[in-house]
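# Chains, contacts and geometry: an overview
Residues per chain are reported as follows:
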2 protein chains.
Amino acid sequence: MRFQDMVQQAAQRNQSLLCVGLDPDPQRIPAQFARERAPLYAFCMAIMEATADLVCAFKPNSAFFEALGAPGFEILQRLAEDAPPDVPLILDAKRGDIGSTAEAYARAAFEQLGYHAVTLNPYLGGDALAPFLRYADRGCIVLCKTSNAGSADFQDLVLATGEPLYMEVARRARDQWNANKNVGLVVGATHPQQLRAIRERCPELLLLLPGIGAQGGDLAAAVAAAVDIAGAGIILSASRSVLYAANGGDALPAARREAMHLRAAINAARGA
Amino acid sequence: MRFQDMVQQAAQRNQSLLCVGLDPDPQRIPAQFARERAPLYAFCMAIMEATADLVCAFKPNSAFFEALGAPGFEILQRLAEDAPPDVPLILDAKRGDIGSTAEAYARAAFEQLGYHAVTLNPYLGGDALAPFLRYADRGCIVLCKTSNAGSADFQDLVLATGEPLYMEVARRARDQWNANKNVGLVVGATHPQQLRAIRERCPELLLLLPGIGAQGGDLAAAVAAAVDIAGAGIILSASRSVLYAANGGDALPAARREAMHLRAAINAARGA
């Protein structure tokens, strides 16, 4: 099944536009998983199982696994194999490289690791994205306007055309990269004004919105700015606020409560 | 020892500004290594040992190892442990991510894998680079104007200031990111004109020039455009043209011959 169809089906089945990001800091693994043979794997699997009926996607963050070396990479692969079925998995890897290297990264993400979608960095241009875009059934979610403060450094620079750089990325995603209807954009939930401008220009692109939860983005404003005419077309991602909701208590019911809370808040904003 | 000092010492000892990039395609491993238990590891180690007295750096390309999954990640780590001493290792990973994720990538590259330098993508802005820049003894080599044709898509866009985007990246590298004197820029050897403009504006930054060899950049023009006033300050990187120089013959003497040829061509261009 195509990535975007998987997202849509999970969103309908679970009445949810929430994505839980898996950014597991080894220093913050709840005590109940510390004695497992692979604590990170056990923690991530448990979080996924506790929230699989509340989300439209999961998003493991490659860096947190790579920081463990080869065992972390193996966990990334095992998570893709063992994850709850019918919930698409986005590999948050922000890859961007040229020619044969981009082909190797695409093979790594989609074939070796077996993920349904990947996040990509556009700085190297369209030919660097092409090896990913060719996988028509996989999602290619391109960084456009990221949630961090430093996103202003380059993404907001005004071009001679009068438009900011991030809008040129959005325009190319819409006009040049989306022949297989498998492209999305990353736009921080921390930027509702830019979200609205991008949605106006790209009414049909899937938007992945990180930055709710721990990063403090205004959820209702982001949803209102970004939903498509069907009240969907967005995935809102929260990571630390779900993973570490328990604050020392029992991680799984706390994660579930936080995911239910975020799902309800998103749905309230969609209805509004 | 600091990365930039390691480069300079290796460059003087070996009279070389050549870097051999390790982009090992599993389909193209020479037959003589195919029966090894870890053919990619054996091939890369043999190439490094065959050329260690001819180069100023080695540059393993993370994607080609990640494409093998966890075993590839382990090879990346073993290469750093077992590589010939006194030749700095650049992890070509083109990372760029925010906050705690960037910290995890920096730990992965510098501590877990143990590399001396890493390539970074600037699209997410200065706060995404900061966790790398803090490692004062490691090199942070930021993509500026990449060697591929698609680099024109965004990097060449003219800003309202009248300057291209890549020059704004170079300016920030010079003025904002280089407090620890550990920053360099990636500029494709395929772009001598842009190389000259960047060198004029950034007389003291280390420039990493991929694109000689298989990518066909004009070596002499690139060297003439990019050397600093001391006739150095650049690293020219070739990968496939060295790794696969034998064309079915004996890989190691052929790689060595090609490295000697490139080193001599670079030195001739420096002298010219």
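As the structure is a computational prediction, the values presented were derived from the model and not from experiment. (Residues numbered from 1 in each chain as written. Chains lettered and ligands numbered in written order. Predicted model: local features only at pLDDT ≥ 70, side-chain atom pairs only at ≥ 80, totals over all residues. Heavy atoms only, no water.)

## Here we look at the packing of aromatic side chains
One pass over the structure, following the stated rule, counts 11 aromatic pairs over all chains. Judged by centre distance (5.4 Å) and plane angle (15 degrees), the ring pair of F73 of chain A and F73 of chain B falls under stacked. Taken together, the positions of F73 of chain A in helix α5 (residues 70-82) and F73 of chain B in helix α5 (residues 70-82) put the pair across two chains. Here F73 of chain B falls in the buried class, since its relative accessible area comes to 1%. Here the aromatic rings of F33 of chain B and F43 of chain B are separated by 5.4 Å at their centres, their planes lie at 45 degrees, and the arrangement is tilted. Placement of the pair is F33 of chain B in helix α2 (residues 31-34) and F43 of chain B in helix α3 (residues 39-51), with a sequence separation of 10 residues. Given a relative accessible area of 7%, F33 of chain B falls into the buried group. In this structure F43 of chain B comes out as buried when scored by relative accessible area, which is 0%. Through a chain of ring-to-ring contacts, the aromatic side chains of F33, F43 and Y244 of chain A assemble into a single cluster. The side chain of R78 of chain B reaches across the aromatic face of Y41 of chain B, ending 3.8 Å from its centre. (Phe/Tyr/Trp six-rings, centres within 6.5 Å; stacked < 30°, edge-to-face > 60°. Helix = DSSP H or I, 4+ residues; strand = E, 2+ residues; numbered from the N terminus. Buried < 20%, exposed > 50% of the residue type's maximum accessible area, 1.4 Å probe, protein only. Lys NZ or Arg CZ within 6 Å of the ring centre and 35° of its normal.)

## Some thoughts on the pairing of strand β8 (residues 234-238) of chain B
All names here are of chain B. With 5 of its 5 residues buried, β8 lies for the most part within the structure. The alternating pattern of β8 places I234, L236 and A238 and I235 and S237 on opposite faces, both of which are buried. Of the strand pairs in this sheet, strand β1 (residues 18-22) and β8 are connected by 3 bridges, and their pairing is parallel. For L18, the partnering residue across the bridge sits in β8 and is L236. (Pairing = 2+ DSSP bridges.)

## Some remarks on the packing of helix α10 (residues 219-226) of chain B against helix α12 (residues 251-271) of chain B
The geometry of a pair of packed helices is captured by two quantities: the angle between their axes and the separation between those axes. Residue and element names in this part refer to chain B. Look at α10 against α12: their axes get within 9 Å of each other, and the N-to-C directions meet at 50 degrees. What the angle tells us is that α10 and α12 run oblique. Crossing hand, α10 versus α12: right-handed. Contact with α10, carried on its side by L219, A220 and V223, involves L262, A265, I266, A269 and R270 of α12 and no other residues of that element. (Axes fitted to C-alpha atoms, helices over the stretch in contact; angles between N-to-C directions. Parallel < 35°, antiparallel > 145°, perpendicular 65-115°, else oblique. Left-handed = near helix turned anticlockwise from the far one by under 90°. Contact = heavy atoms within 4.5 Å.)

## Focus on the sheet that holds strand β3 (residues 90-95) of chain B
Residues and elements named next belong to chain B. Spatially, 8 strands are ordered β2-β1-β8-β7-β6-β5-β4-β3 in an open sheet, and the strand pairing comes out parallel. Each end of this open sheet is capped by a strand with a single partner; those strands are β2 (57-60) and β3. Averaged over all pairs of adjacent strands, the angle between strand axes in this sheet comes to 30 degrees, irrespective of strand direction. Relative to strand β6 (residues 183-187), strand β5 (residues 139-145) runs parallel, the two sharing 5 bridges. When the bridges of β6 are listed, K145 appears paired with V187. Helix-sheet contacts for helix α9 (residues 192-201) involve β5, β6, β7 (206-210) and β8, and the interaxial angle to β7 is about 170 degrees.

## Describing the sheet that holds strand β7 (residues 206-210) of chain A
Residue and element names in this part refer to chain A. The sheet built from 8 strands is open, its strands ordered β2-β1-β8-β7-β6-β5-β4-β3 with parallel pairing. The open sheet terminates on both sides in strands that have one partner only, identified here as β2 (57-60) and β3 (90-95). Each strand axis lies, on average, 30 degrees off the axis of its neighbour in the sheet, ignoring direction. Sheet topology note: the strand β1 (residues 18-22)/β2 ladder contains 4 bridges and is parallel. Note on β2: the bridge partner recorded for G21 is K59.

## Examining the interface of chain B and chain A
Between chain B and chain A, the residue contacts involve 56 residues of the former and 56 residues of the latter. Carbon and sulfur atoms make up 59% of the area that chain B and chain A hide from each other, which totals about 4700 Å². In this structure, E66 of chain A and R95 of chain B form a salt bridge, with 2.9 Å as the shortest nitrogen-oxygen distance. Across the chain B-chain A interface, the total number found is 25 residue pairs in polar contact (both at pLDDT 80 or more). Of all the elements in the fold, those that place two or more residues in the side of chain B that touches chain A are α4 (62-66), α5, β3, α6 (99-112), α7 (126-133), β5 and α8 (165-177) of chain B. (Buried area = accessible area lost by both parts, 1.4 Å probe. Salt bridge = Lys/Arg side-chain N within 4 Å of Asp/Glu carboxyl O. Polar contact = N/O pair within 3.5 Å; in protein donor to acceptor, adjacent residues only side chain to side chain.)

## Observations regarding the nonpolar core
The biggest cluster of nonpolar side chains holds 220 residues, and the ones touching the most others in it are L185 of chain A together with L185 of chain B. Beyond its immediate stretch of four places on either side in the chain, L185 of chain A contacts I141, V142, C144, A170, A173, I198, L205, L206, L207 and L208 of chain A. (Core = buried A, V, L, I, M, F, W, Y, C linked by side-chain atoms within 4.5 Å.)

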